[in-house]
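Single-letter residue listing:
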Amino acid sequence: MAWSKIQEVLPDAAPLFDAVADAVCIENEEGKVIYSNPAYQKMIKRSSTELVADTREIVIEGRCVGKVIVYHDISEVNRLKRELDRVNQKLRKVQVKYSFKDIIGRDPKLLKVINTAKVAAMTPATIMLRGESGTGKEIFANAIHNSSPRRNEKFIKINCSSLPEELLESELFGYKEGAFTGARRGGKKGLFQEADKGTLFLDEIGDVSPRMQVKLLRVLQEKEVMPVGSAESIPVDVRIICATNKPLEEMIENGQFREDLYYRLNVFPLFIPPLRQRKDDIGLIVEYLLNKYNEFYERNITQIEDGAVDLLKEKEWHGNVRELENVLSRILINTAADETVLRRSDVIWALSGDERKHVRAQSAEAAILAEQLPEDINEAVAVTERRCIEHALAVSSGDKNKAAYMLNIPVRTLYYKCKKYDIR
């Protein structure tokens, strides 16, 4: 009875549904489609359509006898959203150069520094980053700024050792028109003014001259700057992050660094561990850097050969992550565009520093192996034999028949030697 009433109305309503751009269908109480418009019929033929369904029940005499379902195709909306997400990701790379996600490692010492830095980021405290050259002090400074309440303001950095004293003063504090020969008409804002409400990163603070130390101390105390050639002070609200690899405590004793400035800057010190103290992180860092530089050098290295990372772990890395970056860049530059594997021989060549990659790789590897082998010839034979067996088993995924074939020895001999060297 209920459906007869719907069927009476449907012929008159069908032209309206047919004119709708969205897909429409009517289902009976059993879920069977009894009517669909042309847009619905086209929709079900497309496999890539992304839909949102708007359902309304058909109630007659207090009983639900079916449903009218209107499908909205949101494929284009989602495509535009994905495109917007990609644009925003690129924009974040421009605006936010580094975050804590770019600090790669699982070493407990590093994780402790990261967690402490996250806490410090939420405060207005001045932070001093200590660590050897190449440990990532600038990345930490960026990450702290981008996790702080000032993240939407400017992050400005300056290397204090890269400029002579006179230029550093005008760069930091600015100058008035006519302050000196060659001064720009109208004067110039200093970096303290440019970073107002934001963060100023003073890298290599240990290289600042005694006279500049006095001026910096005044800015930190008074929270105002006086441009070169001006008699008026300008108030500034700047969060300071500084960094150094110099032994400031020794420099204070020697009269090279002001003690009062040291205590102004050293409010919240963070000591970043060198790479040689967290060598287990090298594998993760190598993967991260390969992903980063593959696109830059137009390469496609996606795999790392067994032993390549182990070889990198043997180096002391006095230049820390920056030195590791240089070695990997050298490898990628000299790698063919169609190669996909970072090989142990590539690492040996890059560490040897020889330009003739393939000519010197074997001799360099032989030299490294010679350094690693014991002087006693019997012990050296045993070490070499064990390495060969372990390598063959690794390549053959533990298949002793294949490993014995690779080693050119009987399977029985391989079993004997595995037992001898406790290889499982």
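## A word on the environment of Asn291
Within the secondary structure, Asn291 sits in helix 11 (residues 282-297). Each C-alpha atom of the pair Asn291 and Ile301 lies 8.1 Å from the other, and the pair is 10 residues apart in sequence.

## With respect to the pattern of salt bridges
By the definition in use, this model includes 22 salt bridges. Taking the shortest distance from any N to any O, the salt bridge between Asp107 and Lys109 comes out at 3.4 Å. Assessed through its relative accessible area of 12%, Asp107 is described here as buried. Using a relative accessible area of 40% as the deciding quantity, one classes Lys109 as partly exposed.

## Focus on the state of the cysteines
Disulfides are covalent bonds that link the sulfur atoms of two cysteine residues. Under the defined criterion, the tally for this structure stands at zero disulfides. In this structure Cys160 is a free cysteine whose sulfur lies 8.8 Å from that of Cys242, the closest cysteine sulfur available. Judged by relative accessible area, Cys160 falls into the buried class, the value being 3%.

## A word on the sheet that holds strand 2 (residues 33-36)
The sheet built from four strands is open, its strands ordered 2-1-4-3 with antiparallel pairing. The open sheet has two edge strands with one neighbour each: strand 2 and strand 3 (51-60). Neighbour-to-neighbour, the strand axes of the sheet open up by a mean angle of 20 degrees, direction not taken into account. For strand 3 and strand 4 (residues 63-73), the ladder comprises 10 bridges, and the chain directions are antiparallel. In the strand pairing of strand 4, Val59 is matched with Cys64.

## Looking at the pairing of strand 12 (residues 239-244)
Burial runs high along strand 12: six of the six residues are buried. The two faces of strand 12 match: Arg239, Ile241 and Ala243 on one face and Ile240, Cys242 and Thr244 on the other face are all buried. Sheet analysis places strand 5 (residues 127-130) next to strand 12, joined by four bridges and oriented parallel. Residue Ile127 lies in a different strand from strand 12, and its bridge partner there is Ile241. Sheet topology places strand 9 (residues 199-203) next to strand 12; four bridges connect them, and they run parallel. Bridge pairing in strand 12 links Leu200 to Ile240.

Quick notes on the rules
- Residues numbered from 1 in each chain as written.
- Predicted model: local features only at pLDDT ≥ 70, side-chain atom pairs only at ≥ 80, totals over all residues.
- Heavy atoms only, no water.
- Helix = DSSP H or I, 4+ residues; strand = E, 2+ residues; numbered from the N terminus.
- Salt bridge = Lys/Arg side-chain N within 4 Å of Asp/Glu carboxyl O.
- Buried < 20%, exposed > 50% of the residue type's maximum accessible area, 1.4 Å probe, protein only.
- Disulfide = S-S within 2.5 Å.
- Pairing = 2+ DSSP bridges.
- Axes fitted to C-alpha atoms, helices over the stretch in contact; angles between N-to-C directions.

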